[in-house]
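The primary structure of each chain is shown beneath.
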Amino acid sequence: MSLSKDLNYSDYERDVFNQVIQRKTSVEEFKDWATKFSGIKTEISKYSNIGPVKGDMVGLSIKWLKSGETSLQDLGPIYAAVDNSVVPFEDSTRDLVRSLSQSLAGNKDALDFAKSLSPEYKQLAVAIRDNSKAAEYESWGQSFFKSVLQKRPSVDQLRSWNEMWNAALTFTQREKSRTQGEFGSANEWNRKKLIEVAVNESWSNAEFTGLETIAETARAKNTCDRYKGYSSLADCGGMRLFSKQKGMFFDPKLGGRYVGLGRDFAAYMNQLAGFDWTTLRWSLIGEFFGSFDPIWSKCDQNSFNQKAATLKAQINAIARETDQFKKWELERQIKDTVRNCQ
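Nothing here was measured: the structure is a model prediction, and the numbers come from that model.

Rules and cut-offs
- Residue indices begin from 1 for each chain and proceed along its sequence in written order.
- The predicted origin of the model limits local features to residues at a pLDDT of at least 70 and limits the giving and counting of side-chain atom pairs to 80 or more, whereas totals for whole chains, interfaces and linings rest on all residues.
- The basis for every side-chain value is the complete set of heavy atoms in the structure, and neither hydrogens nor water enter the calculation.
- Numbering goes from the N terminus for both helices and strands, where a helix is a DSSP run of H or I of at least four residues and a strand is a run of E of at least two.
- Each radius of gyration reported is based on C-alpha atoms, and the globular scaling rule is 2.2 Å times the count of residues to the power 0.38.
- Burial here depends on accessible area, computed with a 1.4 Å probe over protein chains only, as a share of the maximum for the residue type. Under 20% is buried, over 50% is exposed, and the range in between is partly exposed.
- We call two residues contacting when some pair of their heavy atoms lies within 4.5 Å.
- The Shrake-Rupley method, run with a 1.4 Å probe sphere, supplies the accessible areas, and residue values consider only the shown protein chains as cover.
- Note on charges: Lys and Arg go in the positive column, Asp and Glu in the negative column, and His and the chain ends are not counted at all.
- A charge is said to be at NZ when it belongs to Lys, at CZ for Arg, at CG for Asp and at CD for Glu.
- Polar contacts, as counted here, are pairs of nitrogen or oxygen atoms within 3.5 Å of one another; within protein the pair requires one atom able to donate a hydrogen and one able to accept it, and residues that are adjacent in sequence qualify only if both atoms are side-chain atoms.
- For this text, the term disulfide refers to a pair of cysteine sulfurs within 2.5 Å.
- In plain words, nonpolar cores are sets of buried Ala, Val, Leu, Ile, Met, Phe, Trp, Tyr and Cys residues tied together by side-chain atoms within 4.5 Å.
- Multiplying 1.5 Å by the helix residue count minus one yields the expected span of that helix.

Looking only at helices and strands, the protein has 19 helices and zero strands in total. Its C-alpha atoms give the protein a radius of gyration of 32 Å, clearly above 20 Å, the size a compact globule of 342 residues would have. Its C-alpha atoms put the protein at 115 × 45 × 30 Å along the principal axes. Across the 342 residues in the protein, those meeting the buried criterion constitute 45%. Counted over contacts in the protein with a minimum sequence separation of 6, partners at least 24 positions apart contribute 68%. Only carbon and sulfur atoms are counted for the fraction: they give 49% of the accessible area of the protein, which is about 17700 Å². In the protein, the 48 positive side-chain charges and the 44 negative ones have mean positions that sit 1 Å from each other.

Structure representation (structure tokens):
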């Protein structure tokens, strides 16, 4: 009886000890219980973290020993796996224990994974959970954290997520600083919409800083200049373009070419400041963000580079030109340059 209490196994008192007369329990059966409890206690006491699920694990151990699924010697690796995962993944470990009650053999992969969890893996997981919460995406972090043993993401995946959430958090902090004192919650909604894309596409810091560079260009778009936050500027320019999908601003195959071009276009807007250039500025920005695809989306890299160099020369020329007829000719040339490739 004392052994069962030490092991937090309350079923023994209810099903055996309190039913001695009714069940006519033999001395041999008591000795068998004592052997099982003593063996389990000796083994499970080696694992200091297992406390939160100790009672459940003892119950399962009794079940497995009685059915012949395991021997006392087999319990050690099972306890080691659970002990290794319960801190910090207590909720996920409890789910695993519930699954073990249905099938021990069917959860071998989960036990092997639990036993393999390294200090780096745990540190990354905790950082991801905490940073996603700080970036106001707590539900994502909690869902990930509570299902680690069930979904079993690789350490490489965690490294990628950690980089992404670090970048998302620092971007969120910059956005809050930029929009301090701004009325309304539009930027907050746009920021969350943006981070949802970032999560789905596993952005790094390069995409977030690239967005800030490109979104600055959107200030020149009609009605966009009222926004302080880059999330709202991106939405005003065209949120769909800020993506790693094919042909979009962050398409990995395009080598970040739109970030450099965005920086150039922001400079062009400053060069063409003033009322006289309003129509040209709007025309350039309209082409940059496009109706469905960004500027020069059909151009290969060589054509893209040629058009970018030609446009830069034309903008520099028109900004210096004083002859109106030459300005009109340069405007015509610029409109031809910003057309997409065929």
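On we go.
In this chain, Val87 is followed by Pro88 through a cis amide linkage whose omega measures 15°. Backbone geometry at Arg152 places phi at a positive 55°, although glycine is not the residue there. Positionally, Arg152 belongs in the loop between helix H11 (148–151) and helix H12 (155–178). The exposure class of Arg152 is partly exposed, given its relative accessible area of 32%. In this model, Ser202 sits at a positive phi of 55°, which is unusual for a non-glycine residue. By secondary structure assignment, the location of Ser202 is in the loop between helix H13 (186–201) and helix H14 (205–217).

In this fold, Glu201 is placed in helix H13. Glu201 sits 37 residues away from Met164 along the chain, and the two C-alpha atoms are 9.5 Å apart. Setting aside residues up to four positions removed in sequence, Glu201 forms contacts with Ser243, Lys244 and Gln245. Reaching out from Glu201, the side chain makes a polar contact with the backbone nitrogen of Lys244 at a distance of 2.7 Å.

Right, let's talk about the state of the cysteines for a bit. Joining two cysteines, a disulfide is a covalent bond between their sulfur atoms. For the coordinates displayed, the defined rule picks out two disulfides. Covalent S-S linkage joins Cys224 and Cys236, the inter-sulfur distance amounting to 1.9 Å. Taking the torsion about the S-S bond as the criterion, the Cys224 to Cys236 disulfide, at about -85°, is left-handed. Here Cys236 lies in helix H15 (residues 230–238) and Cys224 lies in the loop between H14 and H15, a separation of twelve residues in the sequence. Covalently, Cys299 is tied to Cys341 through a disulfide, its sulfur atoms 2.0 Å apart. Between Cys299 and Cys341 the sulfur-sulfur dihedral comes to about 95°; the bridge is accordingly right-handed.

Let us look at the nonpolar core. In terms of nonpolar packing, the biggest core is built from 94 residues, with Met57, Trp165, Leu211 and Leu284 touching the most fellow members. Looking at this core, the element that brings in the most residues is H12, giving eight residues. When sequence neighbours within four positions are dropped, the list of residues in contact with Leu284 reads Phe265, Met269, Leu272, Leu311, Ile315, Ile334 and Val338.

This paragraph deals with helix H6 (residues 72–86). Counted at 1.5 Å a residue, the expected span for H6 with its 15 residues is 21 Å, and the 22 Å between its end C-alpha atoms agrees. If you check which residues of H6 are buried, you get Leu75, Gly76, Ile78, Tyr79, Ala80, Ala81, Val82, Asp83, Asn84, Ser85 and Val86.

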